[in-house]
Amino acid sequence: MVDERKDGAYGTPQKYDPTFKGPIYNRGCTDVICCVFLLLAIVGYVAVGIIAWTHGDPRKVIYPTDSRGEFCGQKGTKNENKPFLFYFNIVKCASPLVLLEFQCPTPQICVEKCPDRYLTYLNAHRSQDFEYYKQFCVPGFQNNKGVAEVLRDGDCPAVLTPSKPLAQRCFPDIHSHKGVLMVGNETTYEDGHGFRKNITELVEGAKKANGVLEARQLAMRIFEDYTVSWYWIIIGLVIAMVLSLLFIVLLRFLAGIMVWVMIVMVILVLGYGIFHCYMEYARLRGEAGSDISLVDLGFQTDLRVYLHLRQTWMAFMIILSILEVIIILLLIFLRKRILIAIALIKEASRAVGYVMCSLLYPLVTFFLLCLCIAYWASTAIFLSTSNEAVYKIFNDTACSVAGKTCNPETFLSSNESRLCPGAHCQFAFYGGESTYHRALLGLQIFNAFMFFWLANFVLALGQVTLAGAFASYYWALNKPDDLPAFPLFSAFGRALRYHTGSLAFGSLILAIVQIIRVILEYLDQRLKAAENKFAKFLMTCLKCCFWCLEKFIRFLNRNAYIMIAIYGTNFCTSARNAFFLLMRNIIRVAVLDKVTDFLFLLGKLLIVGSVGILAFFFFTHRIRIVQDTAPPLNYYWVPILTVIVGSYLIAHGFFSVYGMCVDTLFLCFCEDLERNDGSQERPYFMSPQLRDILLKESAEEEGKRGEVEE
């Protein structure tokens, strides 16, 4: 029975061509206009980078600045020996202005060290402690004013509290002593009128300020964990790379056995995870505080607290159990398809075995992506720091001129100072009113767009290169004798020489969709405070639609690049032919190609799970390697998660070669079925093993379809 989908609706099937022997070598340049656009865009991108590097100063992001916008602790500046930033009134850092202006509405100066004692200005200004206190006043301060005038003009802080430096900024030294929150070693201080007060007020104010800075403290602790565990993390990633390479090599010779071993191991790893979660859940039974719910506990920066809750381990156990059941059910219903997928993986293993250097190509892609990321990140930082210092008027109470720009040199004698006696003119942020500064947002968008374009181009180049190499293997009638010399390098050269424009075209379409998604995410963040439900619904629909569109374009581009590697046609023609070819074989695409993706996912999970369990036992001090043990950590989950994510990326890099090989062989197989019939005059190019399984399955599908139609 003739399949109607093969005629008309989805294009015309390929005809037999006795001269066709695989990737066409006599080809011409495609999509030249897009190639020119890409080159012009790169020139413009370089120009933007040069302009940003000329105007930018990354120190504005890394190092703190005082109220005049001057750096603390930088060589060649007057604050060279003053590395720490001191806030006159840290409590004001809890003001909403911090979120709006990214600057505390209190005077800030650079100091040599943070204060280590309690001291009020009233007590210090007529005593021997004044020389110590004076270093925390504004530069050039002279003790020629009254106490009220000094505090009114913001020349000195009203009180000093013991502080510790964090990220080169002085924060109150808050700690707990016998269940009581304290600052330093004292519990009282004297105010400006000489009255003794309980330090509770200061503690409460400091707690509010520190609430704003909890995220920074968490980041610093995580950074400390990285500094003491980075070499163990590297060892974990090396183990993941060795396991991935070993798995790929074994897959080359024992594909069938390795797939089933992989399936069983994934089930066992998940089973052990369920068992471990249950044991931890049972161990915590009866322990004080272990029955507190996650909702009641709320968010805690010390994530280890959650591991002392039974509900946490119950959630982990439920998640792993659901994942285990899903995998088992998929294996049961797809058991026949898995046999076919194994045959396809065996063929891919043979192809990779003949083109072994393809396993190293992900390193080239990784290197090029690192260059793109580094250029984008450095350009973004230089653009964001190329503004000029902007000073604004800050005041604690309502004031008509509050928030306006000012000049710190002339503010005290200006009319604004008389209108708001208690106001301060201090550094607010970096900005500007010139044409360049007004164009900064557009330049940042262009920077992000070019990053997406170039990153997608690098990925496309890798896909075309691998597809060309593996297509050369498939269309070699006598394997490996008819396989050309250096197929990977030949495919790479053809891609750059003839198809740079086509790769630029495909990556441009994807980059446009991605930048639209970024803009939608930005608008969604801006609309979160709004109560317009229709706007939120519309935004959610748009985000969902563009997410689906990006996934579809990625899928279409990937198959279009395979057709480009084989036939050398332009992007649109290749995309159309690939789409029609897939539609003419939609059943095979749905149930065969995706089964191999599922098996590769299990392989990644096996490697990630194995390395993750090893990292968990090591960093929680449950195992030791020779005489060395894990370093002391603030959060042991930091290196564990890093190793898990890094292991997945490494495994994905190796398996991506296999994935591209399977996709290429699958398209070539579909083309082979249309071009040839298996006779001596028109023999199939597929291997006998693959032919026996796939053609048998195709005959069964045709028989079932015929029964349904009858």
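Residues numbered from 1 in each chain as written. Predicted model: local features only at pLDDT ≥ 70, side-chain atom pairs only at ≥ 80, totals over all residues. Heavy atoms only, no water.

1. Considering the overall build of the protein
- Across its full length, the protein holds 22 helices and 12 strands.
- By residue count, 45% of the 710 residues in the protein fall in the buried class.
- In the protein, the share of contacts with a sequence separation of at least 24, taken over all contacts with a separation of at least 6, comes to 73%.
- When the accessible surface of the protein is totalled, it reaches about 36700 Å², and 65% of it is carbon and sulfur. (Helix = DSSP H or I, 4+ residues; strand = E, 2+ residues; numbered from the N terminus. Buried < 20%, exposed > 50% of the residue type's maximum accessible area, 1.4 Å probe, protein only. Contact = heavy atoms within 4.5 Å. Areas by Shrake-Rupley, 256 points an atom, 1.4 Å probe, with all protein chains shown as cover.)

2. Brief notes about the pattern of salt bridges
- A full pass over the atoms with the stated rule returns 10 salt bridges.
- Residue aspartate 116 pairs with arginine 117 through a salt bridge whose shortest N-O separation is 3.3 Å.
- It is possible to trace a salt-bridge network through shared partners that takes in Arg517, Glu550 and Arg554. (Salt bridge = Lys/Arg side-chain N within 4 Å of Asp/Glu carboxyl O.)

3. So, unusual backbone geometry
- Positive phi, normally seen in glycine, also occurs at aspartate 31, with a value near 50°.
- If you trace the backbone, aspartate 31 turns up in the segment before α1 (32-55).

4. Description of the environment of valine 266
- Positionally, valine 266 belongs in helix α8 (residues 255-283).
- In this structure the C-alpha to C-alpha distance between valine 266 and leucine 606, which are 340 residues apart in sequence, comes to 5.3 Å.
- With residues up to four places along the chain from it excluded, the contact list for valine 266 reads Glu324, Ile327, Leu602 and Leu606.

5. With respect to the confidence of the model for the protein
- Looking at the protein, pLDDT values average 78 and 80% of them are 70 or higher.
- Ignoring residues within four places in sequence, the model shows residues 1-7, a span with pLDDT below 50, making 15 contacts including any to other chains.
- In the model, residues 96-102 has pLDDT below 50 throughout and makes 13 contacts with residues more than four positions away in sequence or in other chains. (pLDDT = per-residue confidence, 0-100.)

6. Observations concerning helix α12 (residues 361-384)
- Taking 1.5 Å as the rise per residue, α12 with 24 residues should run 34 Å; its terminal C-alpha atoms sit 35 Å apart, in good agreement.
- Those residues of α12 not exposed but buried are Tyr361, Pro362, Thr365, Cys372, Thr379, Ala380 and Leu383.
- Buried residues in α12 make contact with α1, α14 (435-438), α15 (440-474), α16 (487-498) and α21 (637-675). (Expected span 1.5 Å × (residues − 1).)

7. Here we look at the pairing of strand β2 (residues 108-111)
- Residues Gln108 and Cys110 line one face of β2 and the alternating positions Ile109 and Val111 line the opposite face, and both faces are buried.
- Sheet topology places strand β1 (residues 84-87) next to β2; four bridges connect them, and they run antiparallel. Paired with phenylalanine 86 across the two strands is isoleucine 109, which belongs to β2. (Pairing = 2+ DSSP bridges.)

8. What about the state of the cysteines?
- By the definition in use, this model includes three disulfides.
- At a sulfur-sulfur separation of 1.9 Å, the disulfide partner of cysteine 72 is cysteine 110. Taking the sign of the S-S torsion, -75° for the link of cysteine 72 and cysteine 110, the bridge is left-handed. With cysteine 72 in the loop between α2 (59-62) and β1 and cysteine 110 in strand β2, this pair connects stretches of sequence that are 38 residues apart. (Disulfide = S-S within 2.5 Å.)

9. Details of the environment of arginine 335
- Tracing the backbone through its elements, the reader meets arginine 335 in helix α11 (residues 335-354).
- Distance from arginine 335 to valine 595, taken between C-alpha atoms, is 9.9 Å for residues 260 residues apart in sequence.

10. Observations concerning the packing of aromatic side chains
- Inspection of every chain in the model, using the stated rule, returns 32 aromatic pairs.
- Note on tyrosine 474 and tryptophan 475: the rings are 5.2 Å apart at their centroids and 75° apart in plane angle, and the pair reads as edge-to-face. For the pair tyrosine 474 and tryptophan 475, one class covers both residues: buried.
- Both rings, one in phenylalanine 486 and one in phenylalanine 489, keep their centres 6.4 Å apart while their planes meet at 70°; by these two values the pair is edge-to-face.
- Feature note: the residues Tyr45, Trp53, Tyr375, Phe382 and Phe446 constitute an aromatic cluster, connected by ring pairs.
- A cation sits over an aromatic face here: arginine 117 above tyrosine 132, 3.7 Å from the ring centre. (Phe/Tyr/Trp six-rings, centres within 6.5 Å; stacked < 30°, edge-to-face > 60°. Lys NZ or Arg CZ within 6 Å of the ring centre and 35° of its normal.)

11. Details of the side chain of serine 358
- Summarising the element assignment, serine 358 is placed in the loop between α11 and α12.
- Excluding residues that lie within four positions of it along the chain, serine 358 makes contacts with Val352, Leu466, Phe470, Leu488 and Val657.

12. Focus on the nonpolar core
- In terms of nonpolar packing, the biggest core is built from 99 residues, with Trp453 and Leu599 touching the most fellow members.
- Beyond its immediate chain neighbours, meaning those up to four positions away, leucine 599 contacts Val259, Met262, Ile263, Ile338, Ala341 and Ile345.
- Counting 18 residues, the second largest nonpolar core, distinct from the first, contains Phe86, Tyr121, Phe130 and Leu160. (Core = buried A, V, L, I, M, F, W, Y, C linked by side-chain atoms within 4.5 Å.)

13. Focus on the packing of α1 against α15
- Orientation of α1 relative to α15, taken along the N-to-C sense of each, is 135°, at an axis distance of 11 Å. Regarding the angle of α1 to α15, the classification is oblique. By crossing handedness, the relation of α1 to α15 is classed as left-handed. Every residue of α15 that contacts α1 at Phe37, Leu38, Ala41, Ile42, Gly44, Tyr45 and Val48 is listed here: Leu443, Phe446, Asn447, Met450, Phe451, Trp453, Leu454 and Phe457.
- Of the residues that constitute the contact of α1 with α15, the class distribution is 13 nonpolar, two polar and no charged. (Axes fitted to C-alpha atoms, helices over the stretch in contact; angles between N-to-C directions. Parallel < 35°, antiparallel > 145°, perpendicular 65-115°, else oblique. Left-handed = near helix turned anticlockwise from the far one by under 90°. Nonpolar A, V, L, I, M, F, W, Y, C, P; charged D, E, K, R; others polar.)

14. A closer look at the environment of threonine 620
- Checked against the element boundaries, threonine 620 lands in the loop between α20 (586-619) and α21.
- Overall, the relative accessible area of 18% leaves threonine 620 in the buried class.

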